[in-house]
Amino acid sequence: MSIVTVQLGQCGNQIGHEVFNAICSDVHGAHGLCSKKENESYHDACKERFFSEEESEVPVARAVLVDMEPKVISQTLSIAARSGYWKYSDRSHFCQKQGSGNNWANGYSVHGPRHKEEIMNLVQKEAEKCDRLSGFFTIMSMAGGTGSGLGAFVTQCLRDAFPASFILNHVIWPYGTGEVIVQNYNSVLTLSHLYQSSDALLVHENDVIHKICAQLMNIKQISFRDVNQVIAHQLGSVFQPSYTAEGGLHYSRNPLGDLMETLVPHPEFKMLGLRNIPQMPENSLAYSTFSWPGLIKHLRQMLIANAKMEEGIDWQVRPPRLGSSIPSGHSTNKPLHFNTSIANLVILRGKDMHSVDLGSFRDPSLYTSWLNPQDAFNVWRTPRAFNKYEKSASLVSNSQFLLKPLDNVVGKAWNMFASKAYIHQYTKFGIEEEDFLDSFTALEQVISSYAIL
């Protein structure tokens, strides 16, 4: 089944481009480390998922590009075409001249309704090219105006137009120090609206990826492109084909559906985080060896200590002892900084992946009490290596990982709102104080639901 990617705003378009690049370089790399037959079925599954074969010999990305200013889209189209490996369709982008001025209300209330028909026509055409549509993968930032405001509007339109399709929103969490003065307002409005219409939100925090670039990739002058390439690598490690069942004969047919079924057991809990190990500069790979037990041990500790990368993990954090817990709602005896999960998915790629023991992820003390640990943990595997890594593991987790950042964003936005700072910028486009209050209420509910796990 195929996924249609919708790239929104500058950030969404730049990351989307890197995602297709990462997928293509993975498919074209001669480093599959698996049989020819295995490699071919991997190729076919990947092509069906992300590309359509049109008249040209070059695969065409199943994507719609949307921005309110033309510069980024025209750059993205030409860089992709020049690569020679893949390209975007000439007829699946929409841009305007004026931008959204980092104002969520402008994107949501003005540009959205004004251009709805043209944007949705492009999406409809892409969807019709799919023999079987798995759903939509939108990529957007929360800080600006187009990705966030228009992104939230387009997500609602997708939900209305395709009620039976899955929608996964990939959201870029802004730098804590801030790029935009009103980024916390934009973030609160975006998250609360996406929570209503999306099936799940997959979140990457800019601060975390920046750290990975500095500490793991050893990049001295970090550019947006460096950050985007790390994000794209992590996304590829989840979305490239894998077997969802033990001894499966076919690659997962419905990538988005399988992801939701595994990780989102309840509509109140839709926040997904992603970790991928190992990550290192390409020139260090030749000098490194990895063992599965070592990778799995690190990945599990990253999960329970809520570490976002394999360096600087707090090894003191331990799961609570079962049987010692007070009835839920009074989880005061929970070890400090312990990150409780609702559901986890581990994806293993590379050689000897069948020999890996994942018993440590099935430990009931990692999970909330209302889900059977057998249902809460899943593993997908493929013997085919991913992007030059002989062995790699990804963890997609529905857990308390975002509690602190979410609480911070809501707190900062509330402090500004309480003093009515910049509210007039939103009311002039029709977003009233009531709308802000509704958004605050919705997110407070999400925070409290995750906090009492």
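Residues numbered from 1 in each chain as written. Predicted model: local features only at pLDDT ≥ 70, side-chain atom pairs only at ≥ 80, totals over all residues. Heavy atoms only, no water.

A.B. asks: Before we go on, may I ask you to explain helix α8 (residues 224-239) in this structure?
C.D. replies: In a regular helix each residue adds 1.5 Å, so 16 residues correspond to 22 Å; α8 covers 22 Å between its end C-alpha atoms and thus fits that length. Burial analysis of α8 places 13 of its 16 residues in the buried class, which makes it a mostly covered element. (Helix = DSSP H or I, 4+ residues; strand = E, 2+ residues; numbered from the N terminus. Expected span 1.5 Å × (residues − 1). Buried < 20%, exposed > 50% of the residue type's maximum accessible area, 1.4 Å probe, protein only.)

A.B. asks: Explain unusual backbone geometry to me, please; I cannot follow it from the model alone.
C.D. replies: The bulk of non-glycine residues show a negative phi, and the bulk of peptide bonds are trans. With omega at -5 degrees, the peptide bond leading from I277 into P278 counts as cis. Examined against the element boundaries, P278 turns out to sit in the loop between β9 (271-277) and α10 (282-285). At N306, a residue that is not glycine, the phi angle is positive and equals roughly 55 degrees. Along the chain, the position of N306 falls in the loop between α11 (292-304) and β10 (341-350). Of the residues examined, N306 reaches a relative accessible area of 24% and is grouped as partly exposed. Positive phi, close to 60 degrees, is recorded for D352, a residue that is not glycine. Relative to the helices and strands, D352 is located in the loop between β10 and α12 (373-376).

A.B. asks: Looking at this model, I keep getting lost on the packing of helix α1 (residues 9-28) against helix α2 (residues 36-50). Mind explaining?
C.D. replies: When two helices pack together, their arrangement is captured by the angle between the axes and the distance separating the axes. The interhelical angle for the contact between α1 and α2, taken along N-to-C directions, is 160 degrees, at an axis separation of 11 Å. By the angle between their directions, the pair α1 and α2 is classed as roughly antiparallel. α1 and α2 meet at a crossing whose hand is left-handed. Each of F20, I23, D26 and V27 in α1 lies in contact with α2, whose residues at this interface are Y42, H43, C46 and F50. (Axes fitted to C-alpha atoms, helices over the stretch in contact; angles between N-to-C directions. Parallel < 35°, antiparallel > 145°, perpendicular 65-115°, else oblique. Left-handed = near helix turned anticlockwise from the far one by under 90°. Contact = heavy atoms within 4.5 Å.)

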